[in-house]
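# Coordinate inspection notes
Listed here are the chains, written in short residue letters.
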Amino acid sequence: MGFGVVSLLNAVFRRAFTSAGLRPSSVAVDADTTLHFWAHPSLLSSPDAESKQRGRRPVVVLIHGFGPDPTWQWASQVGPLSKHFDLIVPTLLFFGASTTRAPGRSDAFQAAAIAKLLASDHLAAGDGRVVHVVGTSYGGLVAYHLARALQQGGGAWTVGKVAVCSSDLAKGPEDDRALAAKGGVADVTELMVPADTKALRRLMDICAHGPPKYLPECLARDLLRKCFAVQREGKIELIKGIASGHGFQITPLPQEVLIVWGEFDQIFPVAKAHKVKEKLGEKATVRIIPNTGHLPQQEDSKLFNQILLDFLLPPPSSSNGAVAAAK
């Protein structure tokens, strides 16, 4: 079989994480649930000497959506963000090495698991350190609930800002039906959790504004097997878990919120960005990234990173205005 293109891409994306100073780890957050995650060593309970010298920087939690490993989804962000923040990049349950025997399947359940990770002895105590929460697509739903959980939990972390990318927090059953029709399937799970390469190609066509013009069948099969087929039934249950929570009322967060959207998103049309802002209130700001689809952090990573850093970093003072230019 050889090494394979997908395995090579996995190595490239993992290299982006390790080059940004991140290291992989896993922790049992309770008796039923284990989370895999990437983090800067300074956030571990026993940081190395270099991390101690760097001091206590604000933290950013990056939460991925459906699809391949989080290293694929955030490879273009970890380097620029690591210049200013310590990062935690969890692997959501039923993706990669994160597993659970607990019955919960909602996005709020995912958020609760990450909140337990942040409160665990495996990580250095927050002690009031600021944590910003960033999520894309399904991860945006989890990010919203995580911000709520950390705010209400009264723990050691102080929630700073929240960014949701391409994430329709207020979607309902009619949106699922419209997406299924757009994908030519009977149920949205057939699109979001592809069972064969035909379904995978359909998903790629809808996700990206400029999908690859040619994808060899051998590569499509490898991508399906290594990135989508693992824990497939669990992923289907997660989508059903979103549907069961359609009645949940999204209300404004106390934090500043950035809503980032691709201009030509076919999963969640760009008009949804403004509807999400209506739900989240006056502290929410919308930024649309031109000529991108559902994956603006990958399709125009330079502009996405600039928008995200401008939002997360404190405004420059007159004496250090050059800081804002360090993107």
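Residues numbered from 1 in each chain as written. Predicted model: local features only at pLDDT ≥ 70, side-chain atom pairs only at ≥ 80, totals over all residues. Heavy atoms only, no water.

## Topic: the pairing of strand β7 (residues 158-165)
Within β7, seven of the eight residues are buried, leaving the element largely enclosed by the surrounding structure. Taken together, the six bridges between strand β6 (residues 130-136) and β7 define a ladder with parallel strand orientation. Looking across to β7, one finds that Gly-135 is bridged to Val-164. Bridge count for β7 against strand β8 (residues 257-262) is four bridges, and the pairing is parallel. Counterpart to Ala-163 in the pairing with β8 is Leu-258. (Buried < 20%, exposed > 50% of the residue type's maximum accessible area, 1.4 Å probe, protein only. Helix = DSSP H or I, 4+ residues; strand = E, 2+ residues; numbered from the N terminus. Pairing = 2+ DSSP bridges.)

## Structural notes on the pattern of salt bridges
Scanning the model with the defined rule gives twelve salt bridges in all. The salt bridge involving Lys-272 is made with Asp-175; its shortest N-O contact spans 2.7 Å. Placement of the pair is Lys-272 in helix α11 (residues 271-280) and Asp-175 in helix α6 (residues 173-183), with a sequence separation of 97 residues. The residues Lys-272 and Asp-175 share a single accessibility class, namely buried. Linking Arg-232 and Glu-233 is a salt bridge whose minimum nitrogen-to-oxygen distance equals 3.9 Å. Using a relative accessible area of 23% as the deciding quantity, one classes Arg-232 as partly exposed. Looking at Glu-233, the relative accessible area reads 51%, which means it is exposed. Residues participating in the shared-partner salt-bridge network are Arg-57, Asp-86 and Arg-129. (Salt bridge = Lys/Arg side-chain N within 4 Å of Asp/Glu carboxyl O.)

## Quick look at the nonpolar core
General note: in soluble globular proteins, nonpolar side chains tend to be found buried as a group. In terms of nonpolar packing, the biggest core is built from 74 residues, with Ile-63, Ile-88, Leu-146, Met-192, Ile-259 and Leu-280 touching the most fellow members. Of all the elements, helix α5 (residues 138-153) adds the most residues to this core, at eight residues. Contacts of Leu-280, omitting those with residues within four sequence positions, involve Tyr-144, Leu-169, Ile-250, Thr-251, Pro-252, Leu-253, Val-257 and Ile-259. Listed in part, the 25 residues of the second largest apolar core include Ala-20, Phe-85, Leu-87 and Ala-163. (Core = buried A, V, L, I, M, F, W, Y, C linked by side-chain atoms within 4.5 Å. Contact = heavy atoms within 4.5 Å.)

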